[in-house]
Amino acid sequence: MNIIVAIKHIPSLADELELNAEGTNLDFDEVDFTLNEFDEHAIEQAVLIKEASGGSVTVIGVDVIEELDGVLHTALAKGADKAAKIVGDFEPGIDSHTQARWLADAIQGMSPDLVLTGVQAADDLDGQIGPMLAAYLDMPYVGVVMGVEAADGKATVYKEYSGGVMAKFEVDLPAVIGVQAATSPPRYAPISKIRQVAKTAEIEEIEVDEEGDGAGLTLRKMAPPVSAGHAEMLDGDAEEVAEKIIEIIKSAGCCSGRVDRVDRVDRVDR
Amino acid sequence: MPLPVEQQKVIQEAVKEHEHLVVDGMDISGHWNRMFGQRVIFDYDYANLEKVTSLPGGESLGWCYGCAKCTAVCPIDIVGDYSPRKIHRKTQMGIDLFTSDDLWLCTTCMNCLRVCPKEVNMIQIMPAVREQAVLAGNVPEELQKAFEDTAKYGNPLGQSQRKRAAWTKTAGVPVPIIKDLGRPVDVLWYVGSYPSYHPRGQDAARAAARIFNALGIDFAILGREEKDDADSQRLAGEIGLFEMMAEHNISVFEKYEWNVMVVTGPHEYNAFKNEYPKMGFERPILHYTQFLVQHLDKLKPLLKHEINRTVTFHDPCYLGRHNGEYDAPRELLRAIPGLKLVEMGRCRENGYCCGGGGGGMWLDSFTQNHTTMRLSERRVLEAVEYGAEVLSVCCPFEVSRFEDGAKSTGNDQLDVLDILELLDQSMNGG
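Not measured: the values here are computed from a predicted model. (Residues numbered from 1 in each chain as written. Chains lettered and ligands numbered in written order. Predicted model: local features only at pLDDT ≥ 70, side-chain atom pairs only at ≥ 80, totals over all residues.)

1. Comments concerning the overall build of chain A
To keep it simple, the criterion reads: Runs of E in the DSSP output that reach at least two residues are strands. Runs of H or I that reach at least four are helices, and both are numbered from the N terminus. Here the globule rule reads 2.2 Å times residues to the power 0.38, and the radius of gyration is calculated from C-alpha atoms. Buried, partly exposed and exposed are defined by the number of other C-beta atoms within 10 Å of a residue's own C-beta, namely 20 or more, between the two limits, and 12 or fewer respectively, with C-beta atoms placed from the backbone. We call two residues in contact when their backbone-placed C-beta atoms lie within 7 Å.
Helix and strand counts for chain A stand at 6 helices and 11 strands. The C-alpha radius of gyration computed for chain A amounts to 23 Å, which surpasses the reference 18 Å derived for 270 residues by more than 25%, pointing to a less compact arrangement than a globule. Dimensions of chain A along its principal axes, counting C-alpha atoms only, are 70 × 50 × 40 Å. Counting only residues that meet the buried cut, chain A has 35% of its 270 residues in that class. Across chain A, the fraction of contacts at a sequence separation of at least 24, relative to all contacts at a separation of at least 6, is 72%.

Below you can see the structure in the form of structure tokens.
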């Protein structure tokens, strides 16, 4: 089974995000990039399926700031078999719809049986790469998936809905799955293994030189959130603070029952 | 040097009591040669022991002869059930250390090695076995995150590399960054990850900056070029991560001209003094306590404000037992007017580990299932037992551990302060 994982390199949220001079996007020189967290789950799920049912895992992403190699080496160290990156002369802020087009073109040539990708990415919260890949590749798509089993031309996927409802789908392969969580948490890749992989790994480079279709949207303005209010800090020991909290709840009209004194305040234990 | 376990096995059939036996002219006929028997260890399947002793670094576990001196001093055994002797014994009973929870409880505090007559060396055994476990994918979750954050952000707290020097903005005194300074300095101050990012660590870092300025020290820091020493990560099994951080740090250290490096914490002291020379970097390294003692005649007159409190000092394992420095911190504390220094029972060479070393800083979620209380909680109880109002420390791991321990054991009255903070208070009041 040929499993392809499409990944996205996105700005790291650990950093203070700085905007460019125009205020239209991030200043990409001042921010570090990291692998989209949901894509880490997609890679883990792909390797788990390979370990269970056999096959080969290829990880592919658009090399937006020419630093994707480390991410690909880590994926290979975790059990992926092949790595590929889409390269070209493009801006770091290249939108995900353009990335989806390029990824689909590249994946098409890989005879995919199963395409996994993170259900969404923290930079744009758009969640469109998966559905767009499916549309371009003419495959079914199931998103927000919490576990995938695949064998003999079919995949069983578990999709999470709100309210704790879980659905179980059977999907004919080839298909695209938007992964929210792998069956088990992403494994650890020891640094020594990653460094070893880095010495011998061959990453396929796929060139694109067209501008791409784009999302059809222009980002007009990006601004940091304005803090509208503040938190009120309550002083005192546990009993005093509890009394104050009860007063606040009562005066806000949120408490229908009678609460007129604090009898006991328990320390929160592990 | 004892033979490896597997080579000690005696061929049982060949061993009998020889009725007539003369060896090297000595007549040891009959019962005199009856003692040539098998070590008890061979009554058991020693495959699990051999799995450890065949690893480079794991050999010494096979030398244990079960005297249990280690059990008496192991900090985890006081609040749990643990020691090198017990690990050795468990291998005989079929426990595989590589997949056992026991693998992650040791903090490498070295109290066992200090007393072991056979020099069973957990400081070598643990990283060797842990490395294999990590390669096989067995890492407790919290520790995995610390490894990943260290690799990604250069610090185990997962904070931005760029913000490593943000604490300097509120120090109230200049803290030069050597790259911007553009000239050689006398002292290169390696700040460390916890003093750079943890709120209580930053308090100590700012205090240090004020002290260095008051003493007129010509110093600078590396700022965002500095990465974690990763010594504890090394002892937790990630030798590759340690090497990666070391390669980066060494290349940065060698970029600049400086005479002596002063470090805030014992773990980097251990890394730079004992491990980095193996990678080609060997320069003078001082822990801040040693450095300030060198300047004590200038420092003492600046300690104007009395601190009329009973203070006890917790010996950090990696400054004390591992590197033999017990006096410098005490000299500094004794220099503070009004301060009453009391010793805890488990002090100096027998200091009781806070639980942070060897990866322990990122294993509390795991260790809590194996101990009746955290090591740091046990130590807080001891400090209170000896009448301390202040528990003073000089390792950045300790402040948060002991403050948590003070809260969780109902000892909010105990203050936990770095020696830097006490010196700063005595210098500047407040």
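Once the structure has been displayed, the description carries forward.
2. A word on unusual backbone geometry
All names here are of chain A. The omega angle of the peptide bond from Leu173 to Pro174 is 5 degrees, so this bond is cis rather than trans. Relative to the assigned elements, Pro174 resides in the loop between strand 9 (166–172) and strand 10 (175–179). With phi around 55 degrees, Asp138 is a residue other than glycine that occupies positive phi space. Accessibility expressed as a C-beta count within 10 Å gives 9 for Asp138, which makes it exposed. The phi dihedral of Asp152 is positive, around 50 degrees, even though this residue is not glycine.

3. Examining the domain arrangement of chain B
Residue and element names in this part refer to chain B. Convention followed: Bear in mind that the domain bounds are from an automatic or database domain assignment. Ten residues, namely Ala, Val, Leu, Ile, Met, Phe, Trp, Tyr, Cys and Pro, are considered nonpolar, four, namely Asp, Glu, Lys and Arg, are considered charged, and the remaining ones, Gly among them, are considered polar.
Assigned domains within chain B: domain 1 (5–135), domain 2 (144–296) and domain 3 (299–428). Here the C-alpha centroids of domain 1 and domain 2 sit 39 Å apart. When grouped by side-chain class, the residues that make up the side of domain 1 that touches domain 2 number 4 nonpolar, 1 polar and 2 charged.

4. Overview of the interface of chain A and chain B
Contacts between the two partners involve 12 residues from chain A, matched on the other side by 20 residues from chain B. Looking at the side of chain A that touches chain B, the element that brings in the most residues is helix 5 (residues 191–200) of chain A, giving 4 residues. Here the residues of the side of chain A that touches chain B are counted per class, giving 4 nonpolar, 2 polar and 6 charged.

5. Topic: the sheet that holds strand 3 (residues 185–190) of chain B
Residue and element names in this part refer to chain B. Operational definition: Whether two strands pair depends on DSSP finding at least two bridges between them. Angular values range over 0 to 180 degrees, each being the angle between N-to-C directions of two axes fitted as lines to C-alpha atoms, with helices fitted over their stretch in contact.
Read from one edge to the other, the open sheet built from 4 strands follows the order 4-3-5-6, with strand pairing classed as parallel. With partners counted over all chains shown, the strands left at the sheet margins are strand 4 (219–221) and strand 6 (285–287), one partner each. On average, each strand axis in the sheet is tilted by 30 degrees relative to the strand beside it, whichever way the strands run. Of the pairings in the sheet, the one linking strand 3 to strand 5 (residues 258–263) comprises 5 bridges and is parallel in character. The residue bridging Trp189 from the neighbouring strand is Val262, located in strand 5. The sheet contacts of helix 14 (residues 266–275) involve strand 3, strand 5 and strand 6, and relative to strand 6 the element is tilted by about 165 degrees.

6. A look at the pairing of strand 9 (residues 390–393) of chain B
A regular strand places its side chains on the two faces of the sheet in alternate fashion. All names here are of chain B. As a reminder, the rule being used: Seen with its strands pointing away from the viewer, a crossover is right-handed when the path leading from the first strand over the helix to the second is clockwise.
Across the two faces of strand 9 the burial is the same, with Val390 and Ser392 and Leu391 and Val393 all buried. As judged from the 3 bridges shared by strand 7 (residues 310–313) and strand 9, these two strands associate in the parallel manner. Paired with Val311 across the bridge in strand 9 is Val390. Both strand 9 and strand 10 (residues 415–418) contribute to a ladder of 4 bridges, which runs parallel. Along strand 10, the bridge assignment pairs Leu391 with Val416. The handedness of the strand 9 to strand 10 crossover, carried by helix 20 (residues 396–408), is right-handed.

7. Quick word on the nonpolar core
Among soluble globular proteins, nonpolar side chains are generally buried collectively. Using the following cut-off: The term nonpolar core means buried Ala, Val, Leu, Ile, Met, Phe, Trp, Tyr and Cys residues held together as one set by C-beta atoms within 7 Å.
Core analysis: the biggest nonpolar cluster contains 174 residues, and Val5(A), Ala6(A), Val59(A), Leu103(A), Ile107(A), Leu133(A) and Ile177(A) have the highest contact counts within it. Dropping the residues within four chain positions of it, Val5(A) is found in contact with Ala42(A), Ile43(A), Ala46(A), Val57(A), Val59(A), Leu116(A) and Thr117(A).

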